[in-house]
Number of protein chains: 2
Amino acid sequence: MLEMADSYQRAEPMQIRQLAALHNIPDRYLEQLLATLRRAGLIRSQRGAKGGYLLGREPWQITLLEVIDCIEGLEAKAGEKSLTTETVERAVVRETWQEACQAANTVLQRCTLKDLCERRQIKQQLDVMYYI
Amino acid sequence: MLEMADSYQRAEPMQIRQLAALHNIPDRYLEQLLATLRRAGLIRSQRGAKGGYLLGREPWQITLLEVIDCIEGLEAKAGEKSLTTETVERAVVRETWQEACQAANTVLQRCTLKDLCERRQIKQQLDVMYYI
DNA sequence: CCAAATCCTAGCTGAGAACCGGGGTATACT
DNA sequence: AGTATACCCCGGTTCTCAGCTAGGATTTGG
């Protein structure tokens, strides 16, 4: 996603091969992840020769939370039936647990791809300085 | 743990059979969980006949975070070697991720067994009122 | 001693993440 | 049009691990 955020400004799509090579991910597997992201609307695809993937929105409009929820198969349902059989103990613990999740999500929500790209650039420049 | 927090005031140990029956957990499995909790010092055990388990500390001195970290096998190490091979991208994402974990942990840290017991009691009384 | 309880160690199982492969479809370029 | 290049879809394989099962050793109260 970060690579695509960079390529977004250049308005040229990224190809699976490139992304896979850059991050040492098997390209066949990366293809599935990208399909999931596409179905969620986080990225768009261009088929055919010279095709590839592009962000679905501006880099500052995509949060880390959206990306993670997407590929981690966000299933926030199925709790309906268990609510009827849920014990009091489970309910009490679950409330605090969800409160904790909410706190974590707030952090991830605040973090956009643009933020991450900027931090990455800073880190990369620091690496160069250490090398000298 | 909540059951033991209640029994802690009565100063009598809880046995695996009782705990398992109360919460529909296979006792053989519960035994392993309790062993983990014991090794972490969260609970103490009394062997032999009339034995059982007791909290290792007062109910208000044990947080939900400790319990969860304990049974979820908190492995916060092993990141040493990967730090050397960690890419810049992973590092940037991991920082935000850990920040989110920290936020969640803060919530769980604030929640003690005593708090949960009190909330449970309130909920149970509400259930009774609904029943009438 | 004996019954009752915890302790220790090893293995089984189902679900899900990571990964691979074959064949199909759309698009750009010549 | 034809072809090469990419994405698209679906099914299967491997590996990990939480959840669970099983057998036997050890400690303690009566």
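To be clear, the structure that these remarks concern was listed above.
The rules behind each value
Residues numbered from 1 in each chain as written. Chains lettered and ligands numbered in written order. Predicted model: local features only at pLDDT ≥ 70, side-chain atom pairs only at ≥ 80, totals over all residues. Heavy atoms only, no water. Near = heavy atom within 4 Å. Polar contact = N/O pair within 3.5 Å; in protein donor to acceptor, adjacent residues only side chain to side chain. Helix = DSSP H or I, 4+ residues; strand = E, 2+ residues; numbered from the N terminus. Least-squares fit on C-alpha atoms with pLDDT ≥ 70 in both. Contact = heavy atoms within 4.5 Å. Salt bridge = Lys/Arg side-chain N within 4 Å of Asp/Glu carboxyl O. Buried < 20%, exposed > 50% of the residue type's maximum accessible area, 1.4 Å probe, protein only. Core = buried A, V, L, I, M, F, W, Y, C linked by side-chain atoms within 4.5 Å. Buried area = accessible area lost by both parts, 1.4 Å probe. Nonpolar A, V, L, I, M, F, W, Y, C, P; charged D, E, K, R; others polar.

**Details of the protein's contact with DNA strand C**
The local shell around DNA strand C holds 23 residues, among which Tyr29 and Gln32 of chain A together with Glu31, Ser45 and Tyr53 of chain B are the closest. Each atom of DNA strand C within 4 Å of the protein was assigned to sugar, phosphate or base; sugar and phosphate come to 57%. The separation between a base nitrogen of DNA strand C and a polar side-chain atom of Arg28 of chain A is 2.8 Å. Between DNA strand C and Glu31 of chain B, the relevant distance is 2.8 Å, taken from a base nitrogen to a side-chain nitrogen or oxygen of the residue. Broken down by secondary-structure element, the contributors of at least two residues to the surface near DNA strand C are α3 (27-39) of chain A together with α3 (27-39), β1 (43-46) and β2 (52-55) of chain B. Of all the elements, α3 of chain B adds the most residues to the surface near DNA strand C, at 5 residues.

**Comments concerning unusual backbone geometry**
All names here are of chain A. Despite not being glycine, Ala11 has its phi angle at roughly 60°, a positive value. Considering the arrangement of structural elements, one finds Ala11 in the loop between α1 (2-10) and α2 (16-23). Here the phi dihedral of Lys50 falls at roughly 60°; this positive angle occurs in a residue that is not glycine. Structurally, Lys50 is set in the loop between β1 (43-46) and β2 (52-55).

**Describing the relation of the copies chain B and chain A**
Relating the two copies of this chain is a rotation about some axis coupled with a shift parallel to it. If you rotate chain B by 179° and push it 0.1 Å along the axis, it lands on chain A with an RMSD of 0.2 Å. Considering both components of the superposition, the chain copies are consistent with a two-fold axis. Comparing interface residues between copies, 100% of those in chain B also lie at the interface in chain A; the contact surface is shared.

**Some points on the pattern of salt bridges**
If you walk through the whole model with that rule in mind, you get 19 salt bridges over all chains. Between Arg57 of chain A and Glu66 of chain A there is a salt bridge; the shortest N-O distance is 2.9 Å. Classification of Arg57 of chain A by relative accessible area gives partly exposed; the value is 29%. Salt bridges sharing partners connect three or more residues here, namely Glu3, Asp6 and Arg120 of chain A together with Glu89 of chain B.

**Digging into the nonpolar core**
In this structure, Leu34 of chain A together with Met4, Leu34 and Leu55 of chain B are the most contacted members of the largest nonpolar core, which totals 64 residues. Contact partners of Met4 of chain B, with chain neighbours within four places excluded, come to Met14, Leu19, Leu34, Ile43, Tyr53, Leu54 and Leu55 of chain B.

**Here we look at the protein's contact with DNA strand D**
What surrounds DNA strand D is a group of 21 residues, the closest being Glu31, Ser45 and Tyr53 of chain A together with Arg28 and Gln32 of chain B. Across the atoms of DNA strand D situated within 4 Å of the protein, the share located in sugar and phosphate is 59%. Contacts to DNA strand D include Tyr53 of chain A, whose side-chain N or O atom sits 2.7 Å from a phosphate oxygen. Those elements giving two or more residues to the surface near DNA strand D turn out to be α3, β1 and β2 of chain A together with α3 of chain B. The element best represented in the surface near DNA strand D is α3 of chain A, accounting for 5 residues.

**Section: the interface of chain B and chain A**
Residue-level contacts link 26 residues of chain B with 26 residues of chain A. Note on chain B versus chain A: buried area summed over both sides is about 2400 Å², and carbon and sulfur give 76% of it. Per-residue buried area on chain B facing chain A is highest for Glu89, Val92 and Thr96 of chain B; these three make up 23% of the total on that side. Applying the counting criterion to the chain B and chain A interface returns 4 salt bridges. Across the pair Glu95 of chain B and Lys123 of chain A runs a salt bridge whose closest N-O atoms are separated by 3.0 Å. Where chain B touches chain A, the interface holds 6 residue pairs in polar contact (both at pLDDT 80 or more). Every element with two or more residues in the side of chain B that touches chain A is listed here: α1 (2-10), α4 (64-71), α6 (88-109) and α7 (113-131) of chain B. With 14 residues, α6 of chain B is the single largest residue contributor to the side of chain B that touches chain A. A per-class count over the side of chain B that touches chain A returns 15 nonpolar, 3 polar and 8 charged.

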